[in-house]
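# Examining the three-dimensional arrangement
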Amino acid sequence: MEGIKGAIKDALDFSDFPKSERIGIIIFYIYLLIFPWVVSSSFARAVMIQFLLFALYGMGWNTIGGYGGQVALGKAQYVGISAYTVAMMMILFNIPFWVSMPIGVFLAVLWSFMIGYPLFRLKGHYFAIATIAVSLVLQDIFRNWEFVGGERGLSLPFKGTPNFLYMQFKSDVYYYYFMLIFFTLGLFYMNWFRKSRLGYQLRAVKANEDVAASLGINVRWAKIKAYAIASAFVAVGGAFYAVYHMYIDTSSVMHLELSILIALMAMLGGAASLWGPIIGAAILVPLDRYLGSWIGGAKGLLGLDLIIYSIIIMLVAALEPRGIWGIVEKVRAKRG
Amino acid sequence: MKIFLRTFIVALLLFVLATGTGFAAPKEVKIGVIFPLSGGLATTGKLLRIGVELAAEIVNNKTENIDIPMAKWEGIPGLGGAKIKLIFMDHRSDPARGADLAKRLIKDEKVVGILGCYNSSVTKSVSTVCERYGVPMINSNSTSPPLTTRGYKWFWRTTPHNVTFSHDLYKFLIGLTKGKSKGVGKVPMKDLERIAIAGEETEFGATGIKVLEELAPKYGFKVVKAIKYRHQSPDLTSEVQAIRASNPGVVAFIPYVSDAILFMRTFKSMKFSPKIVWGQDAGTVQPGFAEGLKKDAVGVLTRTVFVPKIAEVKPVAKQVNSLFKKRSGEDFSGTSARAFTGLQTWAYVLNNAKSTDPKAIQKAANALYIPGKELIMPWKGIKFGGEQKGEMGQNILGSGMIAQWQVSPGDTVPHLEAVYPFEYATAKLIYPFPKWK
């Protein structure tokens, strides 16, 4: 009981951040809270939902990728597992979202243990390549598996709106607040995580595995646990994706591109920092969607949005490998 | 001074009123168009776009020498002459992006309806958004059969789908065995009965393989190999080896453009020539296929819904094609001609609905009939209903064709000649597929 109380206290305690950051996050959070009431554009809402989704993915990735320093590039498979679980259970047995989502997350975590156990015998680049390979194999299996719709994907049945049990609403506002709740929970969890025993262990592992092991840390087990936590985060996002878009196929929820995007957003924002994945998603998602819809449809400017998008990524990567948050900290260090 | 000020204010008010009401732009009706305009399908997207834009221009402006009633409309008569305004969006083959853009079009741009989306997978996610908001969507180019069996009330498809097209392949092959093709004698069944299928692995190819496999036994054919491959793949050698090893008489492809070209190049390098090479539309039908392969494309059959040669038997097609060629430098293909027809259908539906109210549009679409002679497509017309189990919103008067890439003496780039239905053949079939030199 004491432990849980302590954990909750840790999760809610942001006092070790500078005042400016605390004020910044409060303002940003208030903005998120009132966003649907301030902005009525439904495209803007769709973009914000996408932002919250990727922020959640990124926070999850940050456990293993940021704090643990293990470049995992196969996160899409866990998005896929829970999205497919939710879709299949709804199609076959009419099971509501709120029941199928935890099952989907559970299956994703289970799979992550099965994959994590052998995979963490590998280190560095080999580990990164292995995560890609496993993810691709799983995608190919799903693509050829008729039972789960194969390449045709799965369309979720309409249940009439509004329907809270099956998470089917006409307005995006409901989906927005659903994602905001999970975003908030994710943020608190990560705030606790970075101060937790596992959080410190991972940082030690990242700094030097041999030293960490000599201090009595079970390196492999710490990595596996963090990998499972990351999988749970993205699995929540995957379950949401299925009910939100009501259509999934392997190229939308299991594609390598998604795995890379998840890692990219966290890295670009700043890995191993609490704000990094949020900043990364807050910049990349709107940039991609708005540029795409403004320029993408315009004649004569085809592809320009993609060029701008990639130039920004290249610039950040070249200027500061620690991402945007790294740039902020650099500037701050110079001043102070 | 005061009087001066007052006069000024009154004048200003009058100006505002005048510009706000009197000089208001003529009414327009917005249609959202979602296509893959960049990325791997950019070339296709460009042609789709020109097709749709051409149709809108013909509706909006009086166009001489086009024997379709809408060429004389100058806007949509049923809506008091409102002009069609197209808003294009680029989905880059991503279903989630397509869905977000559909929301933007529906809620922010307030379009009356959607046209799109080419890729069947994106059509699925976008039509789900339309269904959720009760906004009509017309689809002109996606051929995945299940699209019209989902019970959607706001979705209509003008193009025939892969089930119809796959029947055509087998009917064509059976016709060959009966000697129905001009200039080709009776072909023994044993030359054709072994079929190998290679389909790209997304929805388009995968569904295509499934339908071909299911139908084969009904017509007495045997599928000896069916493989899926990645259409961005830089090398298809092992796929072609597997196909060749199965010793097929007929090779059926379900490809996009770059992979279709790569397949033929690999065929050539391996000197592999089956009796028949047939492609399911998309990749093998586009001008880029013939331009990329030049004479190596000769003899390849493609399922299509349109060949420029149709112009010889269909004056309307010839007239519209000349306008299209002026804009794009190319003849209509099945892809662009169907996109044109998609927007034409939108114009007819809006004209019959006499309102932009979704319910009125829904009613008009369900009751729509466009006679074949007003279409550039060689169809009996457009009328929505269903043929598959539980199907609705599918054009039941559409049909497919099979065409062959052939080259005229003196030309370097082949063109398409219709070879099926046999009665509409515009040239002699090249059979068997030429041996590689």
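Definitions and limits used
- Per chain, the residues get numbers from 1 upward, laid out in the order the sequence is written.
- Throughout, the order in which chains and ligands are written sets their labels, letters from A for the former and numbers from 1 for the latter.
- Where local features are concerned, this predicted model is filtered to residues with pLDDT of at least 70; where side-chain atom pairs are given and counted, the filter is 80 or more; whole-chain, interface and lining totals use all residues.
- By convention in this description, side-chain values take in all heavy atoms of the structure and omit both hydrogens and water.
- Numbering of helices and strands starts at the N terminus; helices are DSSP runs of H or I of at least 4 residues and strands are runs of E of at least 2.
- Both definitions apply: the radius of gyration is a C-alpha atom measure, and the globule rule equals 2.2 Å times residues to the power 0.38.
- To sort residues, take the accessible area from a 1.4 Å probe on protein chains only and compare it with the maximum for the residue type: under 20% means buried, over 50% means exposed, and anything in between is partly exposed.
- Contacts between residues were defined by any pair of non-hydrogen atoms, one from each residue, lying within 4.5 Å.
- Here, Shrake-Rupley sampling with a 1.4 Å probe gives the accessible areas, and only protein chains in the shown set may cover a residue.
- Only four residue types enter the charge count: Lys and Arg as positive, Asp and Glu as negative, with His and the chain ends excluded.
- All charge positions are set by atom: Lys at NZ, Arg at CZ, Asp at CG, Glu at CD.
- Each domain span listed reflects an automatic or database assignment of domains.
- A quick way to say it: buried area is the sum, across both parts, of accessible area lost when two parts are put together, with a 1.4 Å probe.
- Salt-bridge detection follows one rule: a side-chain nitrogen of Lys or Arg within 4 Å of a carboxyl oxygen of Asp or Glu.
- Between N or O atoms, a polar contact is any pair within 3.5 Å; within protein, one atom must be a potential hydrogen donor and the other a potential acceptor, and residues adjacent in sequence are included only when both atoms are from side chains.
- All residues other than Ala, Val, Leu, Ile, Met, Phe, Trp, Tyr, Cys, Pro, Asp, Glu, Lys and Arg, Gly among them, are scored as polar; the first ten of these are nonpolar and the last four charged.
- Excluding any residue in a salt bridge, patches collect residues exceeding 30% relative accessible area, merging like charges within 9 Å and nonpolar Val, Leu, Ile, Met, Phe, Trp and Tyr side chains within 5 Å.
- Pairing between two strands requires that DSSP report at least two bridges joining them.
- Lines fitted to C-alpha atoms define the axes, with helix axes restricted to the stretch in contact, and inter-axis angles between N-to-C directions lie between 0 and 180 degrees.
- Here a Phe, Tyr or Trp ring, Trp counted by its six-membered ring, pairs with any other such ring whose centre lies within 6.5 Å, and the pair is stacked when the planes are under 30 degrees apart, edge-to-face when over 60, and tilted otherwise.
- Only lysine NZ and arginine CZ atoms are considered, and such an atom sits over a ring when it is within 6 Å of the ring centre and within 35 degrees of the ring normal.
- Handedness of a crossover is defined as follows: with both strands directed away from the viewer, a clockwise route from the first strand across the helix to the second makes it right-handed.
- Helices are assigned an expected span. That span is 1.5 Å times one less than the residue count.
- The predictor attaches a confidence to each residue, and that confidence, scored 0 to 100, is pLDDT.

This paragraph deals with the overall build of chain A. Looking only at helices and strands, one finds 15 helices and two strands in chain A. Over its C-alpha atoms chain A spans a radius of gyration of 20 Å, differing by no more than 12% from the 20 Å that the globule rule assigns to 336 residues. Across the 336 residues of chain A, 56% fall into the buried class. Expressed as a percentage of contacts within chain A between residues at least 6 apart in sequence, the contacts between residues at least 24 apart total 76%. Element-wise, carbon and sulfur atoms account for 71% of the exposed surface of chain A, whose accessible area totals about 14400 Å². Here chain A contributes 27 positively and 17 negatively charged side chains, and the mean placements of these two sets differ by 5 Å.

Residue and element names in this part refer to chain B. Domain boundaries in chain B define domain 1 (28–160 + 313–395) and domain 2 (163–304 + 407–424). Distance from the C-alpha centre of domain 1 to the C-alpha centre of domain 2: 28 Å. In this complex, domain 1 contributes 19 residues to the contact, which on the side of domain 2 involves 15 residues. Surface buried jointly by domain 1 and domain 2 totals about 1200 Å² across both partners, of which 58% is contributed by carbon and sulfur atoms.

Let us look at the interface of chain B and chain A. Size of an interface, as often reported, equals the accessible area lost when the parts are brought together. Listed per partner, the contact involves 37 residues of chain B and 40 residues of chain A. Each partner contributes to the roughly 3300 Å² buried at the junction of chain B and chain A, and carbon and sulfur atoms together form 49% of this total. Inspection of the chain B/chain A interface yields eight salt bridges. Here Asp-288 of chain A ties to Arg-92 of chain B by a salt bridge, and the two come within 3.5 Å at their closest N and O atoms. The interface formed by chain B and chain A contains 16 residue pairs in polar contact (both at pLDDT 80 or more). Tallying contributions element by element places helix α3 (residues 95–108) of chain B first for the side of chain B that touches chain A, with ten residues. Here the residues of the side of chain B that touches chain A are counted per class, giving eleven nonpolar, six polar and 20 charged.

With that out of the way, let us pick up a nonpolar patch on the surface. Residue and element names in this part refer to chain A. The grouping of Leu-304, Ile-307, Ile-308, Ile-311, Met-314, Leu-315, Leu-319, Ile-327 and Val-331 at the surface amounts to a nonpolar patch, some 760 Å² of accessible area in total. Here the nonpolar patch takes seven residues from helix α14 (residues 304–319), the largest share from any one element. For Leu-304, the position within the fold is in helix α14. Given the relative accessible area of 32%, Leu-304 is considered partly exposed.

All names here are of chain A. Tracing the backbone through its elements, the reader meets Gln-139 in helix α6 (residues 124–144). The class for Gln-139 is buried, based on a relative accessible area of 1%. Among all residues touching Gln-139, those that are not within four sequence positions of it are Thr-250, Ser-251, Met-254, His-255 and Leu-256.

Residue and element names in this part refer to chain B. With mixed pairing, seven strands are arranged side by side in an open sheet as β7-β6-β8-β9-β10-β15-β16. Each edge of the open sheet carries a strand with a single partner, namely β7 (222–229) and β16 (415–420). Across the sheet, the axes of successive neighbouring strands diverge by a mean angle of 25 degrees, strand direction being ignored. Inspection of the sheet shows strand β15 (residues 401–406) paired to β16 by five bridges, in the antiparallel sense. Residue pairing for β16: Gln-406 is matched across the bridge by His-415. The sheet contacts of helix α5 (residues 162–177) involve β6 (194–200), β8 (250–254), β9 (276–280), β10 (301–304), β15 and β16, and relative to β9 the element is tilted by about 165 degrees.

Before going further, it helps to spend a moment on the packing of aromatic side chains. Given two aromatic rings, one states the distance between the centres and the angle between the planes to describe the pair. According to the stated counting rule, one finds 51 aromatic pairs over all chains in the structure shown. Seen in terms of ring centroids, Phe-120 of chain A and Phe-127 of chain A are 4.6 Å apart; in terms of plane orientation they differ by 20 degrees. Their pairing is stacked. Summarising the burial analysis for this pair, Phe-120 of chain A and Phe-127 of chain A share the class buried. Members of the aromatic cluster, each reached through a chain of ring pairs, are Phe-97, Trp-98, Phe-164, Phe-169, Tyr-174, Tyr-175, Phe-178, Phe-182, Phe-240 and Tyr-244 of chain A. Just above the ring of Phe-43 of chain A sits the side chain of Arg-104 of chain B; from NZ or CZ to the centre is 5.2 Å. The ring of Phe-165 of chain B carries Arg-303 of chain B above its face, with NZ or CZ at 3.4 Å from the centroid.

Residues and elements named next belong to chain B. In terms of burial, β6 is a largely internal element, six of the seven residues being buried. When β6 meets β7, the two strands line up parallel, connected through seven bridges. Opposite Glu-200, over in β7, you have Tyr-229 as the bridge partner. For the crossover that starts at β6, traverses helix α7 (residues 203–215) and ends in the parallel β7, the hand is right-handed.

As a further point, take helix α4 (residues 120–133) of chain B. All names here are of chain B. With 14 residues, α4 should reach 20 Å at 1.5 Å per residue; the first-to-last C-alpha distance of 20 Å fits that figure. With 14 of 14 residues buried, α4 is to be regarded as a mostly interior element. Backbone geometry just downstream of α4 places Gly-134 in the positive-phi region, at approximately 65 degrees.

Here we take up the confidence of the model for chain B. All names here are of chain B. The pLDDT averaged across chain B works out to 88; a share of 94% of its residues lies at or above 70. In the model of chain B, helix α1 (residues 2–22) stands out as the element of lowest mean pLDDT, 52, in contrast to strand β4 (residues 137–139), which has the highest, 97. Within the model, the stretch residues 15–25 combines pLDDT values under 50 with three contacts to residues more than four positions away or in other chains. Both confidence scores are given for the complex: pTM 0.81, ipTM 0.83.

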